[in-house]
Amino acid sequence: MSAGPLHLFEAIGVELEYMLVDAATLDVRPAVDAVLKAQAGSYVSDVEDGPITWSNELVRHVVEVKVGAPVAHLDGVAAAFQASLGRIQALAGAIGARLLPTAMHPWMDPARETELWPHESAEIYRMFDRIFDCRRHGWANLQSVHVNLPFCGDEEFARLHAAIRLVLPLIPALAASSPVMEGRVTGVLDNRLDVYVNNSRKIPHITGAVIPERVFSAADYNALIFQPMFRAIAPYDPEGVLQDEFLNARGAIARFDRGAIEIRLIDVQETPAADLAIVAAVVHAVRAQAEGRYASLAAQQAWEPEPLRGILQATLREGEATMITDRGFLAAWGIEGPARAGDVWQAITADLCPADRDIAGALAHIRQHGTLARRMLRRLSATPSREELAALYRELGDCLAEGRLLE
């Protein structure tokens, strides 16, 4: 890996989020700070565990695990996550808790059960809560995968941003894992995204259309996204606590401070191997567009957010079964339409053969059996009881602990 600024596809950063729950009841357990303290000896926000770092999030029941530094390839990364999560599981078990995967807790009541992180950076979380009320789905009940891809300079940023914008609408068709909310099968496969898109409704410019605007330079990004966003929140945040790049809540956000774009639309899965399989597929798709395999840069950049948002709204509801009828979008992927979103992914990843056997096996499993949300629904009745939900999510917790995929 380059010692200087990282260029396109020289490295990948990966972050995974999991919920801490009571081992007996599976109710959320706001005790991540106690788990980190058990490892570090004091209340901290980050713990280094070899190549993996553990971190806090907005709420006390969510822990983030991430690669400590960007990696040149994904080989062995799933195994490193799995081993590190095993150490978290042991610490959690000592206090009667365990980690639970998937992108939403199935019966959490955020208004009643949310506890904000009270330690380092607490003032940021309190400000978010004061402005937006974080005791809601979309803030307190969501676990995702973030993928950071590097760029160096405006030319690389333009190519990367244009490519990512075309991939975002397809992500739920591969990664949806949240078909249950408030104890109900809602009919939406990706409830996390369905609520996330409206979590900043009070100040709409923070999320925008989720699909980022047609912005392809640092100066334009600052003028058209950052500055309007900072102006919009200023009356609510006179101290300027949130006047930072992290305020941006679009589905992919430019982090010029680290020379990367962060993709935020991936639901966390039942095991790191599945997460890394989806990361590999998404990066493969982004790279194919960035290299002009399907569409020219000008053609990619011409897409307005709204039609892409429309496709995203369909895939977050129906996942891989979504019938995409926008022939222009399909042509941008070299496909004659209409076509199911799952078949679009099959075409995009046909030549993706990861060297890591765990990732390759997980990708084949998803191709054959569908999104995790689809596999979860096959286990549930239309109106599942709490016992039925608990049985499924206990098995999902076992999948995470054992590193296996849900059949």
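Everything here concerns the structure above.
Every value quoted in this text rests on a predicted model; they were computed, and no experiment measured them.

Student: Any chance you could break down the overall build of the protein for me, citing the residues and the numbers?
Tutor: Looking only at helices and strands, one finds 16 helices and twelve strands in the protein. Radius of gyration (C-alpha) of the protein: 20 Å, near the 22 Å computed for a compact globule of 407 residues. With respect to the three principal axes, the spread of C-alpha positions in the protein is 55 × 50 × 45 Å. Taken across its 407 residues, the protein has 59% of its residues classed as buried.

Student: Explain the packing of helix 5 (residues 153-167) against helix 9 (residues 272-290) residue by residue, including any values.
Tutor: The description of two packed helices rests on the angle between their axes and on the distance between the axes. At their nearest, the axes of helix 5 and helix 9 sit 8 Å apart, and the two run at 125° to each other. By the criterion of interaxial angle, the relationship of helix 5 to helix 9 is oblique. Like other packed secondary-structure pairs, helix 5 and helix 9 cross with a definite hand, here right-handed. Here R159, L160, A163, I164, L166 and V167 of helix 5 lie close against helix 9, whose contacting residues are V282, A285, V286, Q289 and A290. Residue composition of the contact of helix 5 with helix 9, grouped by class: nine nonpolar, one polar and one charged.

Student: Talk me through the pairing of strand 9 (residues 252-255); I want residue IDs and the actual numbers.
Tutor: By the alternation rule, side chains of strand 9 split into A252 and A254 and I253 and R255, which are all buried. As judged from the four bridges shared by strand 9 and strand 10 (residues 260-267), these two strands associate in the antiparallel manner. Of the residues in strand 10, the one forming a bridge with A254 is I261. Joining the antiparallel neighbours strand 9 and strand 10 is a turn of four residues, in which G259 adopts a positive phi near 65°.

Student: So what's going on with the nonpolar core? Which residues, and what values?
Tutor: Note that soluble globular proteins tend to have their nonpolar side chains buried in a common cluster. Counting 123 residues, the largest nonpolar core has V286 and W345 as its most contacted members. Top contributing element to this core by residue count: helix 9, with 13 residues. Every residue in contact with V286, bar those within four places of it in the chain, is listed here: F9, L149, L160, A163, I164, V167 and I263. By size, the runner-up hydrophobic cluster in this structure holds 16 residues, among which are L26, L372, L389 and Y393.

Student: Could you give an account of the layout of surface pockets, with specific residues and numbers?
Tutor: When its volume is computed, the second largest pocket comes out at roughly 310 Å³. Lining the second largest pocket we find 16 residues, and of these I12, A280, V283, H284 and R287 sit closest to its centre. The greatest single-element share of the lining of the second largest pocket, amounting to five residues, is contributed by helix 9. Considered class by class, the residues forming the lining of the second largest pocket number eleven nonpolar, two polar and three charged.

Student: Describe the packing of aromatic side chains, with residues and values.
Tutor: Under the defined criterion, the tally for this structure stands at 14 aromatic pairs. Relative to F256, the ring of F157 lies with its centre 5.2 Å away and its plane at 50°, an arrangement referred to as tilted. Note that F157 is positioned in helix 5 and F256 in the loop between strand 9 and strand 10, a separation of 99 residues in sequence. Judged by its relative accessible area of 0%, F157 is buried. A ring pair is formed by W303 and F329, whose centres lie 6.0 Å apart and whose planes are at 90°; its orientation type is edge-to-face. A residue pair is termed long-range when its members are at least 10 positions apart, and W303 in the loop between helix 10 (297-301) and helix 11 (305-318) and F329 in helix 12 (residues 327-331) qualify at 26 residues. On the accessibility criterion, W303 (15% relative accessible area) is buried. F329 gets classed as buried once you look at its relative accessible area, which sits at 0%.

Student: Describe the pattern of salt bridges, listing the residues and the values that go with them.
Tutor: Within the structure shown, the criterion is met by 25 salt bridges. For R192, the salt bridge is made with D267, and the minimal N-O distance between the two is 2.5 Å. Within this pair, whereas R192 is found in helix 7 (residues 191-196), its partner D267 is found in strand 10, the two being separated by 75 residues in sequence. Owing to a relative accessible area of 1%, R192 belongs among the buried residues under this scheme. If you follow the salt bridges from partner to partner, you end up with R379, E395, E402 and R404 in one network.

Criteria and cut-off values
- Residues numbered from 1 in each chain as written.
- Predicted model: local features only at pLDDT ≥ 70, side-chain atom pairs only at ≥ 80, totals over all residues.
- Heavy atoms only, no water.
- Helix = DSSP H or I, 4+ residues; strand = E, 2+ residues; numbered from the N terminus.
- Rg over C-alpha atoms; globule rule 2.2 N^0.38 Å.
- Buried < 20%, exposed > 50% of the residue type's maximum accessible area, 1.4 Å probe, protein only.
- Axes fitted to C-alpha atoms, helices over the stretch in contact; angles between N-to-C directions.
- Parallel < 35°, antiparallel > 145°, perpendicular 65-115°, else oblique.
- Left-handed = near helix turned anticlockwise from the far one by under 90°.
- Contact = heavy atoms within 4.5 Å.
- Nonpolar A, V, L, I, M, F, W, Y, C, P; charged D, E, K, R; others polar.
- Pairing = 2+ DSSP bridges.
- Core = buried A, V, L, I, M, F, W, Y, C linked by side-chain atoms within 4.5 Å.
- 1 Å grid on protein atoms, 1.4 Å probe; cavity = no way out; pocket = protein on both sides within 12 Å on 5 of 7 lines; lining within 4 Å.
- Points joined across faces, edges and corners; volume = space filled by probe spheres on them.
- Phe/Tyr/Trp six-rings, centres within 6.5 Å; stacked < 30°, edge-to-face > 60°.
- Salt bridge = Lys/Arg side-chain N within 4 Å of Asp/Glu carboxyl O.

By themselves, these figures tell us nothing about what the structure is for.
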